[in-house]
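Breakdown of the fold
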Number of protein chains: 2
Amino acid sequence: MKNLVLASSGSVHGSEYLEYLIPTIDKLYKDIEEILFIPYAQPSGISYDDYTDAVQEALNTLGIEVKGIHEYKNAKEAIKNAKGIFVGGGNTFLLVSKLYEFGLWEVLKEAIEQGTPYLGTSAGTNITGLTMNTTNDMPIVLPPSFRTLGIVPFNFNAHFIPADVNSTHKGETRETRIKEFQSLISIPVIGIKEGSWLRVKGEDVFLRGGEPAFWFENKEAKLIEANTNLKT
Amino acid sequence: MKNLVLASSGSVHGSEYLEYLIPTIDKLYKDIEEILFIPYAQPSGISYDDYTDAVQEALNTLGIEVKGIHEYKNAKEAIKNAKGIFVGGGNTFLLVSKLYEFGLWEVLKEAIEQGTPYLGTSAGTNITGLTMNTTNDMPIVLPPSFRTLGIVPFNFNAHFIPADVNSTHKGETRETRIKEFQSLISIPVIGIKEGSWLRVKGEDVFLRGGEPAFWFENKEAKLIEANTNLKT
């Protein structure tokens, strides 16, 4: 049974990295003593070691050991054998490029579908959608494809912020960008705010975190109330 | 002699499309009665015809006729024969993909280097840099390459906004994103605010519009005062 927590962001304003998610992570990784961390998204160009250390520090309170995938000789085996997986945020283009470079999509999808508990934040959430076309990240590298895991039958826009009606800025709003995408490809998109996450258990997909999300489909945007089940 | 106006945006708050640039466009297209417009970036998924009409309306005051490149059977010939060229904003991924699809990079570069007056706004400005890696746009399509015209020896970040120090949002700032890019490739990047543009005349590259810009190189960001010549 699929068992995922797909968070908009790793942090929220005013608290430490992953702090707001600790009770949720505790339940996701119940009885798991060691997880596999995939640091490829490298926020701010941080090293894999430093990123893994930051995650270890955040999860110390749960007594969970964090091992970076770069510490293994065989990354595929590491994913296959993982008791729990965490893919952290950063740059989605970088993360997706590395997963293609190392050929890890299939083994990652299999592990998730067989029930390995999976935590994603930001870029790590984006890659569970059908494609990465609706990321906010800067295209710092060119991946061979934008196709991603397709664990859920839609795309994500993480760190979602509704348009500020008082803004004087002329750059596109998130909604405009998402509609530009959907004028080309009719994939639904969920915009989830920082502090919100999706809790996937088998076919159930609950919106958690207490805030509404935004659902874009057929050129319309609608509000989804917290705790809605997105199961179709 | 190269002769370009490379604007951060087509509009600024509180005025009509292209209005703030009209005196500058008037000088750029001096004595030109008809220009070629390239609408491939399709802001908000607008049609090529509608986009071309909007540009025509904006340039009516200058008595300039605007013809969309999609109205020609042979796009390469249209670029070669153009007296002036305008590439409008929208989605940089879409614009770059179409220029690859139609094989127009070389002929466009040649025209610009031979002195055809060129106006770019937003995406149309981005493509005159070395690569499109530092666009803010959403990756709604996958181009075969991020390499662009290289008319100037740096990259652009259009619609630049400095970080808001009071923000509670945890998504990356522009500066963080640009530094993530430069941790991979050492191409300098200019962040130009809405209402600013670069005036390229031969080897001279003046910052116009009255506002400072931001220059990112060697992991440092520095302010460039208005009217600075970026010629190196």
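All figures in this text were calculated on a predicted structure; none of them were measured in a lab.

1. A few points about the interface of chain A and chain B
Taken together, the contact between chain A and chain B spans 45 residues of the former and 45 residues of the latter. When the two sides are added together, the surface that chain A and chain B hide from each other amounts to roughly 3,400 Å², 62% of it contributed by carbon and sulfur. Inspection of the chain A/chain B interface yields 2 salt bridges. Between Arg177 of chain A and Asp137 of chain B there is a salt bridge whose closest N-O contact spans 3.5 Å. Connecting chain A to chain B are 12 residue pairs in polar contact (both at pLDDT 80 or more). If one sorts the elements of the side of chain A that touches chain B by residue count, helix 7 (residues 174-182) of chain A sits on top with 6 residues. When the residues that make up the side of chain A that touches chain B are grouped by side-chain class, the tally is 18 nonpolar, 20 polar and 7 charged.

2. Focus: the pattern of salt bridges
Within the structure shown, the criterion is met by 16 salt bridges over all chains. Between Glu101 of chain B and Lys98 of chain B there is a salt bridge; the shortest N-O distance is 3.2 Å. In this pair, Glu101 of chain B and Lys98 of chain B both sit in helix 4 (residues 92-101), 3 residues apart, roughly one turn of the helix. Look at Glu101 of chain B and you get exposed, because its relative accessible area is 52%. The partner of Lys179 of chain B in a salt bridge is Glu175 of chain B, and the shortest N-O contact between them spans 3.1 Å. Taken together, the residues span about one helical turn, with Lys179 of chain B and Glu175 of chain B both in helix 7 (residues 174-182) at a distance of 4 residues. Assessed through its relative accessible area of 33%, Lys179 of chain B is described here as partly exposed. One network of salt bridges, in which partners are shared, links Asp137 of chain A together with Glu172 and Arg177 of chain B.

3. Regarding helix 5 (residues 105-113) of chain B
Considered for burial, the residues of helix 5 of chain B that qualify are Trp105, Val107, Leu108, Ala111 and Ile112 of chain B. Lining the buried residues of helix 5 of chain B we find strand 1 (3-7), helix 3 (75-81), strand 4 (85-87), helix 4 and strand 5 (118-121) of chain B.

4. Observations concerning unusual backbone geometry
All names here are of chain A. One non-glycine residue, Ser44, adopts positive backbone phi at about 55°. Residue placement: Ser44 occurs in the loop between strand 2 (34-38) and helix 2 (48-59). Judged by its relative accessible area of 54%, Ser44 falls in the exposed class.

5. Digging into the nonpolar core
Ranked by internal contacts, the top residues of the largest apolar core, which has 98 residues, are Ile79, Ile127 and Ile190 of chain A together with Ile79, Ile127 and Ile190 of chain B. When sequence neighbours within four positions are dropped, the list of residues in contact with Ile79 of chain A reads Leu36, Ile38, Ile69, Ile85, Leu104, Val107, Leu108 and Ala111 of chain A.

6. Examining a negative patch on the surface
All names here are of chain A. A contiguous patch of negative charge, built from Glu16, Glu19, Glu34, Asp49, Asp50, Asp53, Glu57, Glu65 and Glu71, is present on the exposed surface. Take the negative patch: its biggest share by element is 4 residues, from helix 2. Structurally, Glu34 is set in strand 2. What makes Glu34 partly exposed here is its relative accessible area of 31%.

7. Focus: the pairing of strand 8 (residues 197-201) of chain A
Residues and elements named next belong to chain A. Summarising burial for strand 8: 4 of the 5 residues are buried, a large majority. Sheet analysis places strand 1 (residues 3-7) next to strand 8, joined by 5 bridges and oriented antiparallel. In the strand pairing of strand 8, Ala7 is matched with Trp197. Pairing of strand 8 with strand 9 (residues 204-208), which is carried by 5 bridges, proceeds in the antiparallel orientation. Pairing of Val200 across the sheet is with Val205, part of strand 9. Here strand 8 hands over to strand 9 after 2 residues, with Gly202 in that stretch at a positive phi of 60°.

8. Focus: the packing of aromatic side chains
In total, this model carries 23 aromatic pairs over all chains according to the counting rule given. Aromatic side chains Phe93 of chain A and Phe93 of chain B sit 6.4 Å apart centroid to centroid with 10° between the ring planes, which places their arrangement in the stacked category. Of this pair, Phe93 of chain A sits in helix 4 (residues 92-101) while Phe93 of chain B sits in helix 4, on two different chains. The exposure class assigned to Phe93 of chain B is buried, which follows from its relative accessible area of 0%. Pairing Phe154 of chain B with Trp215 of chain B gives two aromatic rings, centres 5.2 Å apart and planes at 75°, and the pair type is edge-to-face. Here Phe154 of chain B, found in the loop between helix 6 (123-126) and strand 6 (155-157), pairs with Trp215 of chain B, found in strand 10 (residues 213-217); they are 61 residues apart in sequence, far enough to count as distant.

9. Digging into the environment of Pro144 of chain A
Summarising the element assignment, Pro144 of chain A is placed in the loop between helix 6 (123-126) and strand 6 (155-157). Given a relative accessible area of 58%, Pro144 of chain A falls into the exposed group. Distance from Pro144 of chain A to Lys2 of chain A, taken between C-alpha atoms, is 27 Å for residues 142 residues apart in sequence. Those residues in contact with Pro144 of chain A that lie beyond four places of it in its chain are Tyr100 of chain A together with Leu142 of chain B.

10. Here we look at the sheet that holds strand 11 (residues 220-224) of chain A
Residues and elements named next belong to chain A. Pairing in this open sheet of 4 strands is mixed, and the strands run 6-7-10-11 from one edge to the other. Of all strands in the sheet, those with a lone pairing partner are strand 6 and strand 11, marking the two edges. Strand-to-strand twist in this sheet, taken as the mean axis angle between neighbours without regard to direction, amounts to 25°. Note: strand 7 (residues 189-191) against strand 10 (residues 213-217), 3 bridges, orientation antiparallel. Its bridge partner lying in strand 10, Gly191 is registered against Phe214. In the packing of helix 7 onto the sheet, contacts are made with strand 6, strand 7, strand 10 and strand 11, and the angle to strand 10 comes to roughly 30°.

The rules behind these values
Residues numbered from 1 in each chain as written. Chains lettered and ligands numbered in written order. Predicted model: local features only at pLDDT ≥ 70, side-chain atom pairs only at ≥ 80, totals over all residues. Heavy atoms only, no water. Contact = heavy atoms within 4.5 Å. Buried area = accessible area lost by both parts, 1.4 Å probe. Salt bridge = Lys/Arg side-chain N within 4 Å of Asp/Glu carboxyl O. Polar contact = N/O pair within 3.5 Å; in protein donor to acceptor, adjacent residues only side chain to side chain. Helix = DSSP H or I, 4+ residues; strand = E, 2+ residues; numbered from the N terminus. Nonpolar A, V, L, I, M, F, W, Y, C, P; charged D, E, K, R; others polar. Buried < 20%, exposed > 50% of the residue type's maximum accessible area, 1.4 Å probe, protein only. Core = buried A, V, L, I, M, F, W, Y, C linked by side-chain atoms within 4.5 Å. Patch = residues over 30% accessible without salt bridge, like charges linked within 9 Å, V, L, I, M, F, W, Y side chains within 5 Å. Areas by Shrake-Rupley, 256 points an atom, 1.4 Å probe, with all protein chains shown as cover. Lys, Arg positive; Asp, Glu negative; His and termini not counted. Charge placed at Lys NZ, Arg CZ, Asp CG, Glu CD. Pairing = 2+ DSSP bridges. Phe/Tyr/Trp six-rings, centres within 6.5 Å; stacked < 30°, edge-to-face > 60°. Axes fitted to C-alpha atoms, helices over the stretch in contact; angles between N-to-C directions.

Without other data, these values stay purely geometric and don't point to any function.
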